[in-house]
Structures are given as C-alpha cells and as structure tokens.
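Okay, here's what each chain looks like letter by letter:
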Amino acid sequence: MKHETVMKQEAIEYLNIKPDGIYVDGTLGGAGHAKHILEHLKNGHLYAFDQDDFAIDYAKNVLKDFSNYTIIRSNFRFMKEKLSELGIHHIDGLLLDLGLSSFQIDDENRGFTYLKDTTLDMRMDRSQELTAEVILNTYSMEELAKIFFVYGEEKNSFKIARRIIEKRPLKSTMELVKICDSVNYNEKGHSSKRVFQALRIAVNDELTVLEDVLKDAVDMLNPEGRLVVITFHSLEDRIVKHFFRDESTIDIPKHMPIMILPDTKTEVITKKPVYPSEAEIERNSRAKSAKLRALKRK
Ligand SMILES: C[S@@+](CC[C@H](N)C(=O)[O-])C[C@H]1O[C@@H](n2cnc3c(N)ncnc32)[C@H](O)[C@@H]1O
C-alpha cells in the first residue's frame, strides 16, 4: 500500500525553503515530503534519515530523478554526529513527520497492527535486538504496567500486565489482542489500540529520541532556520510543545530588576498547532490525529 504524505503543503510552507539551503528530513519514509523539498531546492542539498531498510529502498525509487540528496540509514537521534561526519554543522531546516508509514503498519511481518495475526516485532530498525516479544515475555509486571500506562495512557494497565504474565510466553499479536479484549471488553474503539501504541513507543524508544533530536536541531539551525514537527499522538505533541515553549521563553525570577531583557535564540511560529484541512482528513484518515508545530531560529 502506498503511503499518503500528511500535511505536505503545510510542512513546506513552514520550512520556508531557501533554494540554496541545507535541509534535513529526519523521517524519509515514502519520500513524499522529501520529493517536495527537493522540488524547491536549486543548489541546496537534502539529507534524509530513516532507520528502516524497506523505506529507504522505496524512497530511492521515488527520488530517482533528483541528485542533490543523501540518504542516511540511521536513527535521527544521531543526526548531529552523522551530519558532522559529512562536514555539515549547520542546517536551514529539519522536518520530522513522526511515526510509521502505511507500508510499515500494513506489513504482515512487522507486528505493528492489532488487525492482523503476526509476530510480536514492532522494530523500525530491524537490526535492533529489542522486540515487543522480548518486552512482553521478560519484563516484570510492574515494568509492563508502567509502559502501558505511561506510553499508552491505558487505564487497565495492571490488569493487562497481570494477564500477560499468566499467559506467557506470548508469540503472536492475536494472543496479545485476546488478552486486551478480555480486559477492555467494554471498549468503544479497539481494545488493544493503547497497548500497541505503548509497546511501539517502548520498542523504538520513540519519546527519548525525539527529545534528543530537538535539542541538537536547535543548536544546528542557521539564523532564520526552521524546525517543523508533525506528531500523531498527545505524548509526542506534548514533548514538542513544551520544548518549543522552553526554548523560546526566558524565566526571569519575580522582583528581579531588569535593565536589559535577555533575548531567546528561537521563536515559535505556530502559536497553536496547525491541523490538516477537512479535505485532507476526508482523503486520508491517518491525517486525523496530525498536528504540526514550527519553530524559527532568530
Ligand atoms: C510517517 S513516516 C514518514 C513519511 C514521509 N514523510 C513521507 O512523506 O512519505 C515516518 C518514517 O520515519 C521513520 N522513522 C521514525 N522514527 C525514526 C527515527 N527515530 N529515526 C529514523 N527514522 C525514523 C519510519 O521508519 C518511517 O519510515
């Protein structure tokens, strides 16, 4: 299945692309955004990261008519080191379109979907050792419950964790779905949605890598450079929102006499998150939960 790029126009608009600039796409995926960025570049260059081999092979084909780009097979958390190895220390923009591509979600062998019976994998980077199966079959009940509660906001996290321990070893996604069904039997949506989200975040350490890359990106941005992030759930959005707020405000203790007001290095351009249009949501249901935020280096 083809991946439908989310908020393509909006992402390009907020990146405010300079034709000769250096841009980074941290989440290459199906290369929908990357292609659009390259169409706006003249002598500039795009560095694109993905940790998924399949996405990279797919993207190479989409970008076959362009030459001014470099694909880096790596977690974007290593962006600063990887670019520095290539002699790049400053960038004009970074785009992050977080989460998974449709082809990863739909792939029968990846274990991301609770709609198919498949292996409990959930790794974006298939060279990594930690899988959902390892977590489910070796973590303590407290650790499992914490993952479901913190990363999935699952209210029945302890009950689900206890049943998992009773039913070990778990081998397939449907075994996990059955456990969630048995606990969340009153659920209006899918019983396993939050548990699957939580496991995916834990397997790929998704929140920590986001915090890491945001810090590095601000350090690397040239004046007027942009940081544009599209998130798909509240935990990611909260990290971006708080990071942007902290970077662009200065805490001055009350009653402190101020002679010269110190300035911040950055400014939030989206005071409120930007949402996809109704038409886009109609066309692509995956866009429904998307939120875009953008920050500018002064
Ligand atoms: C939503 S898709 C991006 C889609 C892309 N913007 C497009 O228009 O086709 C997210 C992609 O980012 C990759 N990804 C997610 N987190 C990553 C990380 N921490 N490091 C590198 N790649 C990551 C996933 O493997 C996936 O291919």
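To be clear, the structure that these remarks concern was listed above.
Residues numbered from 1 in each chain as written. Predicted model: local features only at pLDDT ≥ 70, side-chain atom pairs only at ≥ 80, totals over all residues.

Chemist: Which parts of the structure should I look at to understand the overall build of the protein?
Modeler: What the protein contains, in helices and strands, is 13 helices and seven strands. A compact globule built from 298 residues should have a C-alpha radius of gyration of about 19 Å, and the protein, at 21 Å, falls within 12% of that. Based on the C-alpha atoms only, the size of the protein along its principal axes is roughly 60 × 60 × 40 Å. (Helix = DSSP H or I, 4+ residues; strand = E, 2+ residues; numbered from the N terminus. Rg over C-alpha atoms; globule rule 2.2 N^0.38 Å.)

Chemist: Please clarify how helix α10 (residues 193–204) should be interpreted in this entry.
Modeler: In an α-helix, one turn spans 3.6 residues, which is why side chains three or four residues apart end up on the same side. Given a rise of 1.5 Å per residue, twelve residues ought to cover 16 Å, and the 17 Å separating the end C-alpha atoms of α10 matches this to within 8%. If you check which residues of α10 are buried, you get Arg-194, Val-195, Phe-196, Gln-197, Ala-198, Leu-199, Arg-200, Ile-201, Ala-202, Val-203 and Asn-204. Looking at the buried side of α10, the elements it contacts are α6 (132–138), α7 (141–152), α8 (157–167), α9 (173–183) and α11 (206–220). Note on α10: the residue one or two positions beyond its end, Asp-205, has a positive phi of about 50 degrees. (Expected span 1.5 Å × (residues − 1). Buried ≥ 20, exposed ≤ 12 C-beta atoms within 10 Å, placed from the backbone. Contact = placed C-beta atoms within 7 Å.)

Chemist: What should I look at first to understand the site of the ligand in this one?
Modeler: Taken together, 22 residues lie around the ligand, and Thr-5, Thr-27, Gly-29, Gly-30 and Gly-32 are the ones closest in. When contributions to the shell around the ligand are tallied by element, the ones reaching two or more residues are α2 (32–40) and β2 (45–50). A class-by-class count of the residues in the shell around the ligand yields seven nonpolar, eleven polar and four charged. (Near = placed C-beta within 6 Å. Nonpolar A, V, L, I, M, F, W, Y, C, P; charged D, E, K, R; others polar.)

Chemist: Just checking my understanding: could you explain the pairing of strand β7 (residues 291–297) for this structure?
Modeler: Remark: a regular strand shows side chains that alternate across the two faces of the sheet. Taking burial as the measure, the seven residues of β7 include seven buried ones, the bulk of the element. Neither face of β7 is left uncovered, since the one carrying Lys-291, Arg-293, Leu-295 and Arg-297 and the one carrying Leu-292, Ala-294 and Lys-296 both have all their residues buried. The pairing of strand β6 (residues 266–268) with β7 spans three bridges and is antiparallel. Along β7, the bridge assignment pairs Glu-267 with Lys-296. (Pairing = 2+ DSSP bridges.)

Chemist: What exactly am I supposed to notice about α11 here?
Modeler: For α11, with 15 residues, the first-to-last C-alpha span of 21 Å sits near the 21 Å given by 1.5 Å per residue. On its buried side, α11 packs onto α4 (79–85), β4 (91–97), β5 (221–231) and α12 (234–248).

Chemist: Sorry, what's going on with the packing of α8 against α9 here?
Modeler: Any two packed helices are characterised by the angle at which their axes cross and by the distance between the axes. Remark: α8 packs on α9, axes separated minimally by 10 Å, with the N-to-C direction vectors making an angle of 135 degrees. Judged by the angle between their axes, α8 and α9 are oblique. As for how α8 packs across α9, the hand of that crossing is right-handed. Residues Lys-159, Ile-160, Arg-163, Ile-164 and Lys-167 of α8 form the contact with α9, whose participating residues are Glu-175, Ile-179, Cys-180, Ser-182 and Val-183. Each residue belonging to the contact of α8 with α9 can be placed in one class, and the counts come to five nonpolar, one polar and four charged. (Axes fitted to C-alpha atoms, helices over the stretch in contact; angles between N-to-C directions. Parallel < 35°, antiparallel > 145°, perpendicular 65-115°, else oblique. Left-handed = near helix turned anticlockwise from the far one by under 90°.)

Chemist: Is there a simple way to explain the sheet that holds strand β3 (residues 69–73) in this structure?
Modeler: In a beta sheet, neighbouring strands pair by backbone hydrogen bonds and run either parallel or antiparallel. Taken together, seven strands build an open sheet; the order of strands is β3-β2-β1-β4-β5-β7-β6 and the sheet is mixed. Strands at the two margins of the open sheet, each flanked by one partner only, are β3 and β6. Averaged over all neighbouring strand pairs, the angle between strand axes comes to 15 degrees, with direction disregarded. The sheet contacts of helix α1 (residues 8–15) involve β1 (22–25), β4, β5 and β7, and relative to β5 the element is tilted by about 160 degrees.

Chemist: What am I meant to see in the environment of Ala-48 here?
Modeler: Structurally, Ala-48 is set in strand β2. Placed 23 residues apart in sequence, Ala-48 and Asp-25 show a C-alpha to C-alpha distance of 4.6 Å. With residues near it in sequence (within four places) discarded, Ala-48 still touches Asp-25, Leu-28, Ala-34, Tyr-69, Ile-71 and Ile-72.

Chemist: Got a minute to help me understand the nonpolar core in this structure?
Modeler: Counting 49 residues, the largest nonpolar core has Ala-34, Ala-48 and Val-228 as the members making the most contacts within it. Sequence-distant contacts of Ala-34, that is, excluding residues within four places in its chain, are made with Asp-25, Leu-28, Leu-46, Ala-48, Ala-59, Leu-63 and Tyr-69. Counting residues in hydrophobic clusters, the runner-up holds 26 residues, among them Leu-136, Ile-147, Phe-148 and Ala-161. (Core = buried A, V, L, I, M, F, W, Y, C linked by C-beta atoms within 7 Å.)

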